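Working through the structure, step by step
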Amino acid sequence: MTTPLTDTDLDKLNHASDAQAAELLLPFIERAPQVAELVARHRPFSSPDDVAQTIQREVQSLPEDDLLTLFRAHPELAPPTPETMTRASQEEQGRLGLDTPDTELTARFTQLNTEYQARFGFPFILALHRMSDVSEVLQVFEDRLKQSRDTEVKQAIAEIASVSAARVQKAFERKVYL
């Protein structure tokens, strides 16, 4: 379990070298060191909210090729090898039992992941912290498969922003508004 950051650590983040700051920010952004580097350039941060909002702005401003790279760094839901996910993703998926689903659920997620990947060219991205249970996840997954690619790109950006904000909130142990 990662040690939560404090307001004092915000000061540490603000005074770190660029490389150190990017390293401190990386847990908030799924396997995206290039985004962490971009966010680090906006220091000093005035609050955890400022960190989360800066992550959101940087993700939204990425060119499409970089967005697709970011999206493709995200794990599928209920992946066959959950141990390859980041610790944060393991915790988020584990809360809903997606790290060790039963055989029927594994088959359903495999089917949905395959359909989504074929249709959109990147994994389905969902802010699991907002989901109450697996049935809600499945419903959202099925509904989003019906969307246009443009809609899904925008939705993936919004989901990443939500996940990042939740991770910032957890790290600083306070509410982040996004």
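Everything that follows concerns the structure shown earlier in this document.
Quick look at the structure, then.

1. Quick word on the pattern of salt bridges
- With the rule as written, the count across this model stands at nine salt bridges.
- Linking Arg-167 and Glu-30 is a salt bridge whose minimum nitrogen-to-oxygen distance equals 2.9 Å. Remark: Glu-30 occurs in the loop between α2 (18–25) and α3 (33–40) and Arg-167 occurs in helix α9 (residues 149–172); sequence separation between them is 137 residues.
- Glu-64 serves as the salt-bridge partner of Arg-149, at 3.1 Å between the closest nitrogen and oxygen. One end of the pair, Arg-149, is in helix α9; the other, Glu-64, is in helix α5 (residues 64–72), with 85 residues separating them in the sequence.

2. Brief notes about the packing of aromatic side chains
- Counted according to the given criterion, the structure contains nine aromatic pairs.
- Ring plane angle 45° and centroid distance 6.3 Å describe the contact between Phe-109 and Phe-141, whose orientation is recorded as tilted. Note that Phe-109 is positioned in helix α7 (residues 103–120) and Phe-141 in helix α8 (residues 134–144), a separation of 32 residues in sequence.
- Taking the centre distance of 4.5 Å and the plane angle of 50° together, the rings of Tyr-116 and Phe-120 count as tilted. Here Tyr-116 and its partner Phe-120 are both found in helix α7, four residues apart, which amounts to about one turn of the helix.

3. Things to note about the environment of Thr-84
- Inspection of the secondary structure puts Thr-84 in the loop between α5 and α6 (87–95).
- Note on Thr-84: relative accessible area 46%, which makes it partly exposed.
- Separated by 2.7 Å, the side chain of Thr-84 and the backbone oxygen of Thr-81 make a polar contact.

4. So, the nonpolar core
- With 51 residues, the main nonpolar core has Leu-25, Phe-28, Ile-29, Val-51, Phe-71 and Phe-109 as its most contacted residues.
- Top element by residues in this core is α9. It accounts for eight residues.
- Here Ile-29 is in contact with Val-35, Ala-36, Val-39, Ile-55, Leu-70, Ser-164 and Arg-167, once residues within four sequence places are set aside.

Thresholds applied
Residues numbered from 1 in each chain as written. Predicted model: local features only at pLDDT ≥ 70, side-chain atom pairs only at ≥ 80, totals over all residues. Heavy atoms only, no water. Salt bridge = Lys/Arg side-chain N within 4 Å of Asp/Glu carboxyl O. Helix = DSSP H or I, 4+ residues; strand = E, 2+ residues; numbered from the N terminus. Phe/Tyr/Trp six-rings, centres within 6.5 Å; stacked < 30°, edge-to-face > 60°. Buried < 20%, exposed > 50% of the residue type's maximum accessible area, 1.4 Å probe, protein only. Polar contact = N/O pair within 3.5 Å; in protein donor to acceptor, adjacent residues only side chain to side chain. Core = buried A, V, L, I, M, F, W, Y, C linked by side-chain atoms within 4.5 Å. Contact = heavy atoms within 4.5 Å.

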